[in-house]
Structures are given as C-alpha cells and as structure tokens.
Amino acid sequence: MKSKKVLSRRMTFILMLAPALILFIVFNTIPLITGTMYSFTNYKGYGSFEFVGLRNYIDLFSDTRVWNSYLFTFKYAIVGTLLVNVISLVLAMGLNSKIKMKNTLRGVYFLPNVLGGLVVGYIFSFIFTYIIPAVGSALNIGFLENSILASEEYAWIGVLVVGVWQSVAMNTIIYISGLQTIPGDIYEAGMIDGVTPWQKFRHLTLPMLMPFVTTNLVLSTKNMLMVFDQIMALTKGGPAQSTESISYLIYKNGMDGGQFGFQSANAVMFFVVIVAISIFQMVITNKKEEQL
C-alpha cells in the first residue's frame, strides 16, 4: 500500500514536470543543437549549404563588425549592471524601511518589469526624439535640442537609460526579499554596540545579503549582455552601427543578411562567453560570501 502511494506521488511529480521539460527541450535544447550544427556550415538561411568546419569560428576573430558589437555590448553590460544593482539596492533599502504606502510603492517600482521591452522602447524613442528636444528648444538648452539617439557618441546612453529603468524593478524585488530575511536581532545588537549607519550596512546588512547580490549580479549581467528589445525599438543598431549589440547583429545578419551559418557560430561563441562570465561571477561572489 505504501509503495503504491510513493509510486503515485512520483507519477504526479513527473506529470507536473513533463510539460515544462517538453517545452524546454522543444524551444531551447533543440534550437541550440540545431544552431550549433549550422555553425559549421555556410548556410545562408535558404537553399543548399556545405560543411565548412571551423571556418566560421576562425572568421569571427577577424570580423571588425563582430568585434565592435562585442565592445559595445560589454561596455553597455558593465555600466548597466553596476547602475542596476546600486539603484536597486538603494530602492530596496528605502522600500524595506518603515515608510507609509510602501506596498503601493513596491507595485509602482515593479511596473516597468511588467511592460514589454519593445513597448517601453517605443515610448522612450518618442520621448528622446520629440519631447526632450522640444523642451530643450523651449528652454534654449543646446545639448537637449537634438535627439540623443541621433548621436554616434551618446546614443548608447539613451539605450542604457531604458535598459536600466526596466531592469531595476526585478532586482529591487529580489533585494527586498533578501532584506526581509535578515533577523532584526542583528540590528538591535548593532545599535547596542553603537554602530554607525555605514558600519550597519557594511558589516551587518551586506554580509547577510551577499547570496542575493550574487543572484542579482548574474541575472543582471546576463540580461544586459543579451540586450535586444531596447536596441530594436530605439536605434536599430545605429547611428552608423554604434549601438549594435551582439544579439542584434546575430538577428540582423543571420536572418536578413544571408549569414545564418556565420551568425550561428557567433551565437554559440556568445553563449560560451555568457556561461563563462556567469561561472566567474559566481566563483568570485561565493568567495566574497565566505570572507564576509
């Protein structure tokens, strides 16, 4: 009788897991394997193709456009990850304190995460293109009179503003969850010892929050590296390919540019880079947790 109950529970768990597992295999694993296979061919996205071995991977290192997209993506990801985590932590500490309407404010701050990336991008595109220049002209502020998205030097900042604004929401919720797991006794003991606000944060809050910092760093870095929606809506990689991310380059040249095989190799390489960075971050932050 007992063995039948155990078997029934196992079947229940399997049936619950099966739909998610099937969807993961169909929409993640199979495309990954298929893309990897195409990365060793000269497939254009249509017609016949031939096996070319490692030529696509070798050509990646001599392609200037690929290198520029990597430079832009890493610049965007580094600055974006720092801003997202600093702003999220500050907001989380404020929203976790004893203030009025904090539950309402948490909902307001989470709203950007609910909106689609393309929707947010198109809204900000209108703001950057029409509203801000109009305000700049009305107030005679020279640097605001032209759209930031039209500048090769500063267009990436416009994309960054949108990406950070949308990413802060989820990170803030994760930090709030972490802050709520810290026992109040620790802070009471610190108050008895006469710790300053900075000492309270440095020696009490941060060590207890490090597992959540690790999670947020890995997630925000991955999301920033894979930036696509904001670029699609705001700049489409321009002006003059100055905001062309790796994801956008893979999509643009792979789907429209007849470089399906070559960009599949780029996608595989990018996947390896993201995994390597994530592992590196986890190793470093885990060591930091042990030290704290």
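First, a word on scope: everything that follows refers to the structure included in this document. (Residues numbered from 1 in each chain as written. Predicted model: local features only at pLDDT ≥ 70, side-chain atom pairs only at ≥ 80, totals over all residues. Heavy atoms only, no water.)

### A few points about unusual backbone geometry
- Cis geometry is found at the peptide bond from Gly238 to Pro239, where omega equals -5°.
- Here the phi dihedral of Asn140 falls at roughly 60°; this positive angle occurs in a residue that is not glycine.
- If you trace the backbone, Asn140 turns up in the loop between helix H5 (117-139) and helix H6 (155-179).
- Of note in this structure, Gln241 is not a glycine but carries a positive phi near 60°.
- Note that Gln241 resides in the loop between helix H9 (229-234) and helix H10 (246-256). (Helix = DSSP H or I, 4+ residues; strand = E, 2+ residues; numbered from the N terminus.)

### Focus: the environment of Met269
- For Met269, the position within the fold is in helix H11 (residues 260-291).
- Among the residues examined, Met269 registers a relative accessible area of 24% and is labelled partly exposed.
- Residues Met269 and Tyr57, 212 residues apart in the sequence, show an inter-C-alpha distance of 8.0 Å.
- Aside from chain neighbours lying at most four places away, what touches Met269 is Tyr57, Leu60, Phe61 and Tyr70. (Buried < 20%, exposed > 50% of the residue type's maximum accessible area, 1.4 Å probe, protein only. Contact = heavy atoms within 4.5 Å.)

### Regarding a nonpolar patch on the surface
- On the surface, a cluster of nonpolar side chains totalling about 880 Å² of accessible area is made up of Leu17, Leu21, Ile22, Leu23, Phe24, Ile25, Val26, Phe27 and Ile30.
- For Phe24, a relative accessible area of 45% translates into the label partly exposed. (Patch = residues over 30% accessible without salt bridge, like charges linked within 9 Å, V, L, I, M, F, W, Y side chains within 5 Å. Areas by Shrake-Rupley, 256 points an atom, 1.4 Å probe, with all protein chains shown as cover. Salt bridge = Lys/Arg side-chain N within 4 Å of Asp/Glu carboxyl O.)

### Some remarks on the packing of H6 against helix H8 (residues 197-225)
- As a packed pair, H6 and H8 sit with axes 10 Å apart at the nearest point and diverge in direction by 155°. Relative to H8, the element H6 lies roughly antiparallel. Seen along the crossing, H6 lies across H8 with a hand that is right-handed. Contact residues: H6 offers Gly163, Val164, Ser167, Asn171, Ile174, Tyr175, Ser177, Gly178 and Leu179, while H8 offers Thr205, Leu209, Phe212, Val213, Asn216, Leu219, Ser220 and Met224.
- Taken together, the residues of the contact of H6 with H8 break down into nine nonpolar, eight polar and no charged. (Axes fitted to C-alpha atoms, helices over the stretch in contact; angles between N-to-C directions. Parallel < 35°, antiparallel > 145°, perpendicular 65-115°, else oblique. Left-handed = near helix turned anticlockwise from the far one by under 90°. Nonpolar A, V, L, I, M, F, W, Y, C, P; charged D, E, K, R; others polar.)

### Topic: the layout of surface pockets
- For the largest pocket, the calculated volume is near 770 Å³.
- Forming the boundary of the largest pocket are 22 residues, of which Leu32, Met226, Ile250, Ala267 and Phe271 lie nearest the centre.
- Mapped onto the lining of the largest pocket, the elements with two or more residues apiece are helix H1 (2-38), H10 and H11.
- In terms of residue count, H11 provides more of the lining of the largest pocket than any other element does, nine residues in total.
- Grouping the constituent residues of the lining of the largest pocket by class yields 15 nonpolar, seven polar and no charged. (1 Å grid on protein atoms, 1.4 Å probe; cavity = no way out; pocket = protein on both sides within 12 Å on 5 of 7 lines; lining within 4 Å. Points joined across faces, edges and corners; volume = space filled by probe spheres on them.)

### As for the nonpolar core
- Among the nonpolar cores identified, the biggest contains 34 residues, and Tyr76, Leu234 and Phe270 are the most heavily contacted of them.
- Elements that contribute at least two residues to this core include exactly helix H2 (55-60), helix H3 (64-95), H5, H6, H8, H9, H10 and H11.
- For this core, the element with the highest residue contribution is H3, accounting for seven residues.
- Dropping the residues within four chain positions of it, Phe270 is found in contact with Tyr70, Leu225, Met226, Ile246, Ser247 and Ile250.
- Ranked by size, the runner-up nonpolar core spans 14 residues in total, among them Leu95, Ile176, Leu179 and Ile182. (Core = buried A, V, L, I, M, F, W, Y, C linked by side-chain atoms within 4.5 Å.)

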